[in-house]
Amino acid sequence: MSTRFEFQTRTRIVFGAGAANHVGVNVKTYGTRALVVTGRDVRRAERLLANLQLSFVSAATFPVAGEPELATVEEGAKLARAEKCEFVVGFGGGSAIDAGKAIAALLTNDGKLLDYLEIIGRSHVLKNWPAPFIAIPTTAGTGAEVTHNAVLTSPEHKVKVSLRNRMMQPRVAVVDPELTYDLPPTLTASTGLDALTQLIEPFVCNRANPMTDGLCVEGLRRAARSLRIAFSNGKDKDAREDMAVASLFGGLALSNAGLGAVHGFAGPIGGSFPAPHGAICAALLPHVMAMNLRALLQRDPNGPALARYEEAAWWLAGDMKAKADDGLKWVRALVLDLKVPRLGSFGVRREHFPDLVAKAANASSMKANPIALTPDELTEILEQAL
């Protein structure tokens, strides 16, 4: 049996406690004027801004409150042009990093954002390389620091869509676990479960390959031993480092393999309700796993996906004799321990199910799910997560 696969990343990864203290040295070759895209509170980036100044790089700042909307990205690109910024730095969670990626792409490409968006836009291909983009995550969950897409929200269309191009991978990812020490438990839980999802889904998906397998296994081992610890004691350095690695490896894996039904639902739900992406993934994960296992046992019992779920259970449960169902039980217990809210707490109701199922069925992430799920099965997932 021959094996064929591709693995791509053009990102230079700088990892380690304190790595963010040397950002200026790593980025000064890109210019002397930066747009720094942050989360809601720009003050969290004060140390970064001081570090850039030491390397003779001045900066304009652009805060992104919540998940980035199309208008937010257009506004950020307008500011970057007005401030004559030569490169972009994203400092924050996945929202700040995705906004920064999209702004960097618009800086060097003519037209409107809708020209380049899939699903709701014209899906034009970027003609020019984006402005240099540097990603500095302050959470451990999305892996956006090494992915080549920016997830954006369109309130008008009630959907999340991606600006996607291989040229959009950050030039440098600075992953500093120290930046996550002050994350509150709720955010540690939702982002950490997002990271876990982005290790499980690429591992069991129908596009998995030997390189992504290695990343997923190591990431699963680290997340399994450290997510609970990071949740209960955010200052635990080893646990925070493990989760930073898990998030990074999940980003690399999903970019080169794919995801599944959790993320197939996450886009439509996130676009329609005020729910953080990580919290949606956390609420859905055990129910998608349960449905995939049931469907695989019924329709593809001899296929490779069941064996992959069993192997994932080894790393999650820390037991080489664990079965696929043991992995599911472990995830269910984790979700309870981390006090994950259910979808109903974000406003999802049964009358929304038909629209969410229809949108999820057409989502790009759904195409990599290890087995095609029926509309009734997708509806049952929502019912169980409600």
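For the structure itself, consult the block above.
Every value quoted in this text rests on a predicted model; they were computed, and no experiment measured them.

Calculation rules
- Throughout, residues of each chain are indexed from 1 in the direction in which the sequence is written.
- Given that the model is predicted, a residue must reach a pLDDT of at least 70 before its local features are reported, and side-chain atom pairs must reach 80 or more before they are shown or counted; all residues, however, enter totals for whole chains, interfaces and linings.
- Water and hydrogen atoms were dropped before computing side-chain values, which therefore reflect all heavy atoms in the structure.
- Helix and strand definitions here come from DSSP, where helices need a minimum of 4 consecutive H or I residues and strands a minimum of 2 consecutive E residues; each element is numbered from the N-terminal end.
- Atoms counted for the radius of gyration: C-alpha only. Globule rule: 2.2 Å times the number of residues to the power 0.38.
- The buried label applies to any residue whose accessible area, calculated with a 1.4 Å probe on protein chains only, is under 20% of its type's maximum; exposed applies above 50%, and partly exposed to all values in between.
- Note on definitions: a residue-residue contact is assigned when non-hydrogen atoms from the two residues lie within 4.5 Å.
- By definition, a salt bridge exists where a carboxyl oxygen of Asp or Glu is found within 4 Å of a side-chain nitrogen of Lys or Arg.
- Multiplying 1.5 Å by the helix residue count minus one yields the expected span of that helix.
- Pairs of N or O atoms within 3.5 Å make up the polar contacts considered here, provided that, within protein, one atom can donate a hydrogen while the other can accept it, and that residues adjacent in sequence are counted only when both atoms are side-chain atoms.
- The rule is short: rings of Phe, Tyr and Trp, with Trp giving its six-membered ring, pair when the centres are within 6.5 Å, and they are stacked under 30 degrees, edge-to-face over 60, tilted in between.
- Lysine and arginine charges are scored as sitting over a ring when NZ or CZ, respectively, is within 6 Å of the ring centre and within 35 degrees of the ring normal.
- Residues are said to line a cavity or pocket when one of their atoms sits within 4 Å of a point; the points come from a 1 Å grid over protein atoms alone, cavities being sets where a 1.4 Å probe fits but cannot get out and pockets being open sets with protein on both sides within 12 Å along at least five of seven lines.
- Grid points are joined across faces, edges and corners, and a volume is the space filled by probe spheres set on the points.
- Gly counts as polar in this scheme, as do all residues outside two lists: the nonpolar Ala, Val, Leu, Ile, Met, Phe, Trp, Tyr, Cys and Pro, and the charged Asp, Glu, Lys and Arg.
- Strand pairing is assigned whenever DSSP detects at least two bridges linking the two strands.
- Axis definition: a line fitted to C-alpha atoms, over the contacting stretch in the case of helices. Angles run 0 to 180 degrees between N-to-C directions.
- In this description, one arc is meant: the one made by directions from the helix axis to the C-beta atoms.
- Among buried residues, the Ala, Val, Leu, Ile, Met, Phe, Trp, Tyr and Cys ones that are joined through side-chain atoms within 4.5 Å form a nonpolar core.

Visitor: In this structure, what is going on with the overall build of the protein? I would like to understand it.
Guide: When helices and strands are tallied, the protein shows 13 helices and eight strands. Here the C-alpha radius of gyration of the protein, 20 Å, is about what a compact globule of 386 residues would show, namely 21 Å. Its C-alpha atoms give the protein principal-axis dimensions of roughly 60 × 45 × 45 Å. Classification of the 386 residues of the protein by burial places 59% in the buried group. Across the protein, contacts joining residues at least 24 apart in sequence account for 79% of those joining residues at least 6 apart.

Visitor: Sorry if this is basic, but what is going on with the pattern of salt bridges here?
Guide: Oppositely charged side chains are able to pair whenever their charged atoms sit close together. Counted by the stated rule, this structure contains 17 salt bridges. Measuring nitrogen to oxygen at the nearest pair gives 3.0 Å for the salt bridge that ties D337 to R228. Taken together, the residues D337 in helix 11 (residues 324–337) and R228 in helix 6 (residues 210–232) connect sequence positions 109 residues apart. Classification of D337 by relative accessible area gives partly exposed; the value is 40%. Via salt bridges that share partners, E218, R221, R222, R225 and D242 belong to a single interconnected network.

Visitor: I'm lost on helix 7 (residues 237–256) in this one. Help?
Guide: In an α-helix there are 3.6 residues to a turn, and that puts residues three or four apart on one side. Taking 1.5 Å per residue, 20 residues should reach 28 Å; helix 7 reaches 29 Å between its end C-alpha atoms and fits that length. Capping the start of helix 7 is the job of one residue whose side-chain oxygen sits 3.2 Å from the backbone nitrogen of D238: D236. Phi for G258, located one or two positions after helix 7, is positive at around 150°.

Visitor: Hey, could you run me through the packing of aromatic side chains in this one?
Guide: The geometry of an aromatic ring pair is captured by the separation of the ring centres together with the interplanar angle, meaning the angle of the planes. Summed over all chains, the structure comprises two aromatic pairs. Seen from their ring centres, Y30 and F87 are 6.2 Å apart, and the 55° between their planes marks the pair as tilted. Of this pair, Y30 sits in the loop between helix 1 (23–27) and strand 2 (33–38) while F87 sits in strand 4 (residues 87–92), and the two are 57 residues apart along the sequence. For the ring pair W314 and W315, a centre distance of 6.3 Å and an interplane angle of 75° mean the geometry is edge-to-face. One Lys or Arg, R228, reaches over the ring of W330 and ends 5.4 Å from the middle of that ring. Above the face of the F203 ring, R308 is positioned so that its terminal group lies 5.1 Å from the ring centre.

Visitor: When you look at the layout of surface pockets in this model, what are you seeing that I'm missing?
Guide: Leftover empty space is mapped by rolling, across the atoms, a probe with the size of a water molecule. Roughly 230 Å³ of volume is contained in the second largest pocket. Lining the second largest pocket are A20, R44, A45, R47, L48, F91, T138, E178, L179, T180, Y181 and D182. Taken together, the residues of the lining of the second largest pocket break down into six nonpolar, two polar and four charged.

Visitor: Hey, could you run me through the side chain of S247 in this one?
Guide: Here S247 is to be found in helix 7. Those residues in contact with S247 that lie beyond four places of it in its chain are A140, G141, T142, G143, E145 and A195.

Visitor: Is there a simple way to think about the sheet that holds strand 1 (residues 12–15) in this case?
Guide: An order of 1-8-5-4-2-3 is seen for the six strands of this open sheet, with the pairing classed as parallel. Because the sheet does not close on itself, it has two edges, and the strands there are strand 1 and strand 3 (58–63). Each adjacent strand pair in this sheet contributes to an overall mean axis angle of 20°, direction not counted. Against the sheet, helix 3 (residues 70–82) makes contact with strand 2 and strand 3, and its axis sits at roughly 160° relative to strand 3, the strand it touches most.

Visitor: Looking at this structure, how should I read helix 10 (residues 304–317)?
Guide: With 14 residues, helix 10 extends 20 Å between its outermost C-alpha atoms, agreeing within 8% with the 20 Å of an ideal straight helix rising 1.5 Å per residue. Within the sequence span of helix 10, burial applies to A305, L306, R308, Y309, A312, A313 and L316. With its buried residues spanning 155° around the axis, helix 10 presents them on a single face. Looking at the buried side of helix 10, the elements it contacts are helix 5 (185–204), helix 6, helix 9 (277–299) and helix 11.

Visitor: Looking at this model, I keep getting lost on the nonpolar core. Mind explaining?
Guide: Nonpolar side chains in soluble globular proteins tend to end up buried together. Among the nonpolar cores identified, the biggest contains 77 residues, and L196, I269 and L284 are the most heavily contacted of them. Tallying contributions element by element places helix 9 first for this core, with 13 residues. Grouped together as the second largest cluster of nonpolar side chains are 36 residues, A80, A102, A105 and V161 included.

Visitor: Hey, could you run me through unusual backbone geometry in this one?
Guide: Of all residues except glycine, most have a negative phi; of all peptide bonds, most are trans. Not every positive phi belongs to a glycine, and F56 is a case in point at roughly 65°. Along the chain, the position of F56 falls in the loop between helix 2 (46–54) and strand 3. For K84, which is not glycine, the phi torsion reads 55° and is therefore positive. Following the sequence through the fold, K84 ends up in the loop between helix 3 and strand 4.

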